[in-house]
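What follows is the residue order along each chain.
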Amino acid sequence: QQQVKQSPQSLIVQKGGISIINCAYENTAFDYFPWYQQFPGKGPALLIAIRPDVSEKKEGRFTISFNKSAKQFSLHIMDSQPGDSATYFCAASYTDKLIFGTGTRLQVFP
Amino acid sequence: DTEVTQTPKHLVMGMTNKKSLKCEQHMGHRAMYWYKQKAKKPPELMFVYSYEKLSINESVPSRFSPECPNSSLLNLHLHALQPEDSALYLCASSRTGTGVSGANVLTFGAGSRLTVL
C-alpha cells in the first residue's frame, strides 16, 4: 500500500513533442506529490509538486495533473527539449516518509 | 549548483576497509537524510536525523553507521561492506524532519558513488 507505481519505464520523444509520465498510488494518507528530475551522475532535484486538494499545477513547460478519486497523477512536459533528457521520479509523502516511484528514463531527440 | 555538498564523489574500497562519506549543508536545515540508489532504481531511504538525533533507521545493516556531529554535517561510516553495497549514496536535507511537504522540501546532494571490491 506504500508503493507508487510509475509508467512508462522509458520514453522517447521528438523535440517539440509532449512527454507524459503517469503515476498511481494506493495510500490515501499521502498528502504531497513531488516530481524529481535526475541527470546522470547527479542527485535528484525537485521539479514541481502538488497537494491533493489541487487538480492541476503548471510551472513553465511542466504541468502536474492530479486525479484524487482515481489516485493517479501525471507529469506533462510540453515542447520537450533535448535538455529535458533525464530520469524522472514521481513521489508521494506522508509523515517523514517520501516514497519514490520506479522512475522513467526520458530521451528527447532533436 | 546544489547546496548540499557530498565528499568524496567517488570511493573504491575493499571489503575489509573502513571509510566515511561526508555531507554538509549551510541552509540552516535541521533534518538530514541518507539515501542509497542502485543503478536504474529509485533512491531508498536509509537514515533520517532530525535536530541531530537519529529519528529513522530503515533496518539498515550495522556495517553502515551514521553520525550527525552538528546540524550542518552528516557522516556515514562504512565498515566490512559487501560488493552488493556498491551504489550511489545520496545525502539530502530539509528544513525540519516533521514531514516532507511544500514547506519542507528535500534538497539532495550530487551523491557519492561507492564501489566495493
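What counts, and where the lines are drawn
Residues numbered from 1 in each chain as written. Chains lettered and ligands numbered in written order. Predicted model: local features only at pLDDT ≥ 70, side-chain atom pairs only at ≥ 80, totals over all residues. Heavy atoms only, no water. Phe/Tyr/Trp six-rings, centres within 6.5 Å; stacked < 30°, edge-to-face > 60°. Buried < 20%, exposed > 50% of the residue type's maximum accessible area, 1.4 Å probe, protein only. Pairing = 2+ DSSP bridges. Helix = DSSP H or I, 4+ residues; strand = E, 2+ residues; numbered from the N terminus. Axes fitted to C-alpha atoms, helices over the stretch in contact; angles between N-to-C directions. Disulfide = S-S within 2.5 Å. Contact = heavy atoms within 4.5 Å. Buried area = accessible area lost by both parts, 1.4 Å probe. Salt bridge = Lys/Arg side-chain N within 4 Å of Asp/Glu carboxyl O. Polar contact = N/O pair within 3.5 Å; in protein donor to acceptor, adjacent residues only side chain to side chain.

Draft legend 1. Structural view of the packing of aromatic side chains. Residue and element names in this part refer to chain A. Within the structure shown, the criterion is met by 18 aromatic pairs over all chains. Pairing Tyr25 with Phe30 gives two aromatic rings, centres 6.0 Å apart and planes at 70°, and the pair type is edge-to-face. Judged on exposure class, the residue Tyr25 and its partner Phe30 are both buried. Among the aromatic residues, ring-to-ring pairing joins Tyr25, Phe30, Phe33, Trp35, Phe66, Phe73 and Tyr94 into one connected group.

Draft legend 2. Examining the sheet that holds strand β7 (residues 62-67) of chain A more closely. Residues and elements named next belong to chain A. The strand order across the open sheet built from five strands is β1-β3-β8-β7-β6, with neighbouring strands paired in antiparallel fashion. The open sheet has two free edges, formed respectively by β1 (4-7) and β6 (56-59), since each of these has just one partner strand. Between one strand axis and the next, the sheet turns by 15° as a mean value, whatever way the strands run. Across four bridges, β1 lies against strand β3 (residues 19-25) in antiparallel orientation. Looking at the pairing, Ser7 lines up with Asn22 of β3.

Draft legend 3. Structural detail: the state of the cysteines. As enumerated under the stated definition, the model contains two disulfides over all chains in all. Residue pairing for Cys23 of chain A: its cysteine sulfur links by disulfide to Cys90 of chain A, the two sulfurs lying 1.9 Å apart. Handedness here is read from the sign of the S-S torsion; for Cys23 of chain A and Cys90 of chain A, about -100°, the answer is left-handed. Placement of Cys23 of chain A in strand β3 and of Cys90 of chain A in strand β9 (residues 86-94) is noted, with a sequence separation of 67 residues between them. There is no split in this pair, since Cys23 of chain A and Cys90 of chain A are both buried. Here Cys23 of chain B is linked by a disulfide to Cys91 of chain B, with a sulfur-sulfur distance of 1.9 Å. Here the S-S torsion is close to -70°, and the disulfide linking Cys23 of chain B with Cys91 of chain B is therefore left-handed.

Draft legend 4. Focus on the side chain of Gln25 of chain B. Residues and elements named next belong to chain B. Note on placement: Gln25 falls in strand β3 (residues 18-25). Note on Gln25: relative accessible area 1%, which makes it buried. Apart from residues lying up to four places away in sequence, Gln25 is in contact with Glu3, Val4, Met32, Ser71, Ser72 and Ser93.

Draft legend 5. Spatial organisation of the environment of Leu11 of chain A. All names here are of chain A. Its place among the elements puts Leu11 in strand β2 (residues 10-14). Leu11 gets classed as buried once you look at its relative accessible area, which sits at 17%. Residues Leu11 and Thr104 lie 93 residues apart in sequence; the distance between their C-alpha atoms is 7.0 Å. If we ignore the near neighbours within four places in the chain, the residues touching Leu11 are Ser19, Ile20, Ile21, Thr104, Arg105, Leu106 and Gln107.

Draft legend 6. Examining the interface of chain A and chain B more closely. Chain A puts 18 residues into the contact, and the matching count from chain B is 22 residues. Where chain A abuts chain B, roughly 1,500 Å² becomes buried across the two surfaces, and 61% of that area is made up of carbon and sulfur atoms. On the surface where chain A and chain B come into contact, there are zero salt bridges. Joining chain A to chain B, the criterion identifies one residue pair in polar contact (both at pLDDT 80 or more). Residue assignment for the side of chain A that touches chain B shows that the elements contributing at least two residues are β4 (33-38), β9 and β10 (97-100) of chain A.

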